[in-house]
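# Breakdown of the fold
The lines below spell out each chain.
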Amino acid sequence: MNHDPKALLIGTWYGILAYILWGILPIYWKLLEHVPAGEVLSHRIVWSLVFMIVVLILMKKWGTFVKDLKEIFKQKKLVLGTLLASILISINWFTYIYAVNTDRIIETSLGYYINPLISVLLGVLVLKEKLSFWQMISCILALIGVLYLTIQFGSFPWMAFCLAISFGLYGLVKKMVNLGAMTGLTIETFMVTPVALGYIVFLAGGETQHFVLSDTQTVWLLAAGGAATAIPLLCFASGARRVPLSLLGFLQYIAPTLHLTIGVFMYHEPFTQVHLVSFILIWTALFIFSFGKTKWMTRLEPKAFKTKSLQG
């Protein structure tokens, strides 16, 4: 990792820009709320592929993309892993678009707040990693927050969990497949583009094809969805090369914080006392999770747990 101060500063700003762009993305999808989420998703996939192909050619990385693609198709496990990653990110995108366009932006915020904790649990369940004392406390607090929200409103925040679990699983699969950010997104969209194109062609046979039948603004918004998807990822990739992952871990909370702010103040979604209590529990969990490995927090761990960790 390059710790040069200039590189660190540039990387930090790239990271901040990436999360700000992800954070204000609900405003973009809101402009397409009159278009069904499935159609928006299909165009997002197709135009993301088109945009990424152009970027790879301009950045002279087309050869790397072709090489990675050939390597993937040589190994059955890589093909299945990449296909699974493609399906998971498509589920995540669909849920996100649907949630935003059905006035549930606050729930998307909840989903991306609990995502790091879901990733930790997946690491325990799948990779057999061990939870530290403070990670356990974080997960318990977050669970209490979600249960409180569920009991008070009588309905489980399934969209939030769908977002968190699909993105958590996506990250886990990506870790196993180990593709670069740019070539990874290109290959993933490449794999699901036939389905997306098929759905668009199917819609063209009826009277619900918004890309053809709608106003010019809708057409441009659908087409520009590829750039709206890829640009934050490119910023993130540029930042990740220059700054420690621990710093990116802090920056990732910019996006759900903006989601929450936009949902409450811009689109006037209800944010009750129940929401506040639940979010405070989750924010506390994230604070503990973020600082759990620092020296002063480690000193506060129970002695019995420290002994158990050392024996493990």
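Residues numbered from 1 in each chain as written. Predicted model: local features only at pLDDT ≥ 70, side-chain atom pairs only at ≥ 80, totals over all residues. Heavy atoms only, no water.

Moving on, we get to the confidence of the model for the protein chain. On average, residues of the protein chain score 86 in pLDDT, and 92% of them are at 70 or above. Mean pLDDT in the protein chain bottoms out at helix H16 (residues 303-311), which sits at 54, and peaks at helix H2 (residues 25-30), which reaches 96. (pLDDT = per-residue confidence, 0-100. Helix = DSSP H or I, 4+ residues; strand = E, 2+ residues; numbered from the N terminus.)

On to the packing of helix H4 (residues 62-74) against helix H5 (residues 76-101), then. Where H4 meets H5, the closest approach of the two axes is 5 Å, and the angle between their N-to-C directions is 110°. Considering the angle they form, H4 stands roughly perpendicular to H5. Residues Glu71, Ile72, Phe73 and Lys74 of H4 pack against Lys76, Leu78, Val79 and Thr82 of H5. Class assignment of the residues belonging to the contact of H4 with H5 gives a composition of four nonpolar, one polar and three charged. (Axes fitted to C-alpha atoms, helices over the stretch in contact; angles between N-to-C directions. Parallel < 35°, antiparallel > 145°, perpendicular 65-115°, else oblique. Contact = heavy atoms within 4.5 Å. Nonpolar A, V, L, I, M, F, W, Y, C, P; charged D, E, K, R; others polar.)

Quick look at the packing of aromatic side chains now. Within the structure shown, the criterion is met by 17 aromatic pairs. Ring centres of Phe167 and Tyr170 lie 5.8 Å apart, and the angle between their planes is 40°; this geometry places the pair in the tilted category. Here Tyr170 and Phe167 lie together in helix H8 (residues 158-177), a separation of three residues that amounts to about one turn. A relative accessible area of 32% means that Phe167 is categorised as partly exposed. Judged by centre distance (5.6 Å) and plane angle (65°), the rings of Phe271 and Phe279 are edge-to-face. Overall, Phe271 belongs to the partly exposed group, its relative accessible area being 28%. The class of Phe279 is buried, set by a relative accessible area of 1%. Its guanidinium or amino end placed over the ring of Tyr267, Lys30 lies 5.2 Å from that ring's centre, counting from NZ or CZ. A cation over a ring is seen here: Arg44 above Trp93, with NZ or CZ 4.3 Å from the ring centre. (Phe/Tyr/Trp six-rings, centres within 6.5 Å; stacked < 30°, edge-to-face > 60°. Buried < 20%, exposed > 50% of the residue type's maximum accessible area, 1.4 Å probe, protein only. Lys NZ or Arg CZ within 6 Å of the ring centre and 35° of its normal.)

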